[in-house]
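Spelled out, the chains give:
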Amino acid sequence: MRKLLCITQPSTHPSFDTTVALYQAWAQHQAIELYHANAEGAVSEGSVRACAITDSISYEDFLNLESSLAQEFPVSHFDLVFLRTDKPYPAGLFETCSTWEDDISFVNLASATLNIETRIFLHQIAKDFIPPSILTRDKAEALQFARDRERFIVKKNRSYGG
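What counts, and at which threshold
Residues numbered from 1 in each chain as written. Predicted model: local features only at pLDDT ≥ 70, side-chain atom pairs only at ≥ 80, totals over all residues. Heavy atoms only, no water. Core = buried A, V, L, I, M, F, W, Y, C linked by side-chain atoms within 4.5 Å. Buried < 20%, exposed > 50% of the residue type's maximum accessible area, 1.4 Å probe, protein only. Helix = DSSP H or I, 4+ residues; strand = E, 2+ residues; numbered from the N terminus. Contact = heavy atoms within 4.5 Å. Pairing = 2+ DSSP bridges. Axes fitted to C-alpha atoms, helices over the stretch in contact; angles between N-to-C directions. Salt bridge = Lys/Arg side-chain N within 4 Å of Asp/Glu carboxyl O.

Q: What should I look at first to understand the nonpolar core in this one?
A: Nonpolar side chains in soluble globular proteins generally cluster together in the buried interior. Formed by 21 residues in total, the largest nonpolar core has its most connected members in Leu5, Ile7, Phe78, Leu83, Cys97, Trp100 and Phe106. The set of elements that each furnish at least two residues to this core consists of β1 (2–8), β2 (32–38), β3 (47–53), β5 (80–83), α3 (93–98) and α4 (110–117). Per-element accounting of this core gives the leading share, 3 residues, to α3. Once residues lying within four places of it in the same chain are set aside, the contact partners of Trp100 are Leu5, Ile7, Ala42, Ser44, Glu45, Gly46, Ser47, Val48, Val75 and Phe106.

Okay, here's the thing in structure tokens:
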């Protein structure tokens with residue numbers, strides 16, 4: 001049986017979100033032993049506080065996971081980690097989980113998510129494939145960038161969408 005650790009913050013998921021359906025399916029799957037960890041509690045280098053999900057849960061039960069009594073496990077206890085955390089991300093979550101990557105498999109690597117979220121991906125990896133761009137807090141720099149171009153897009157650094 002594979003031990004799957006799902007890390008999320010239940011209160012960030014609306015009732016129509018698929019996360020509850022995933023928990024229900026995994027809890028009933030014969031080959032999976034499902035564990036839940038609150039995103040805010042997954043910031044320890046070698047261990048994580050988690051609780052086992054042994055049965056199908058309702059949305060209300062899912063929300064109550066935030067206050068459930070969790071047991072501390074070494075990261076090596078798990079076979080696979082799925083980071084299902086939505087914004088706003090707890091400070092240090094991806095940095096901490098990325099230190100686990102040598103010891104455990106991830107559905108979605110914490111280090112990759114960290115790079116994308118901090119826009120490192122755009123400016124270091126994809127820079128040859130995107131139009132000129134800036135990431136700044138300097139109003140004068142932003143205005144000059146806009147003056148130098150016919151068309152441009154402005155968006156917040158931590159926003160959803162394109």
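Further notes follow.
Q: In this structure, what is going on with the sheet that holds β5? I would like to understand it.
A: Whether parallel or antiparallel, the strands of a sheet pair through hydrogen bonds between backbone atoms. Read from one edge to the other, the open sheet built from 6 strands follows the order β4-β3-β2-β1-β5-β6, with strand pairing classed as mixed. Two strands in the sheet have a free side with no partner beyond their single neighbour: β4 (71–74) and β6 (105–106). Bridging between β3 and β4 involves 4 bridges; their strand directions are antiparallel. Across the sheet, the residue bridging to Ser47 is Pro74, located in β4. The sheet contacts of helix α1 (residues 19–28) involve β1, β2, β3 and β5, and relative to β2 the element is tilted by about 140°.

Q: How should I be thinking about the environment of Ala37 in this particular structure?
A: In this fold, Ala37 is placed in strand β2. For Ala37 and Gln71, which are 34 residues apart along the polypeptide, the C-alpha to C-alpha distance reads 9.6 Å. Excluding residues that lie within four positions of it along the chain, Ala37 makes contacts with Leu5, Cys6, Ile7, Thr8, Val48, Arg49 and Ala50.

Q: Is there a simple way to explain the pattern of salt bridges in this structure?
A: Think of it this way: side chains of opposite charge can pair up when their charged atoms draw near. One pass over the full model with this rule turns up 2 salt bridges. The partner of Asp17 in a salt bridge is Arg84, and the shortest N-O contact between them spans 3.7 Å. Of the two residues, Asp17 is situated in the loop between β1 and α1 and Arg84 in the loop between β5 and α3; the sequence distance between them amounts to 67 residues. Here Glu72 ties to Arg49 by a salt bridge, and the two come within 3.7 Å at their closest N and O atoms. Here Glu72 is found in strand β4, whereas its partner Arg49 is found in strand β3, with 23 residues between them in sequence. By relative accessible area, Glu72 is classed as partly exposed at 48%. For Arg49, a relative accessible area of 43% gives the class partly exposed.

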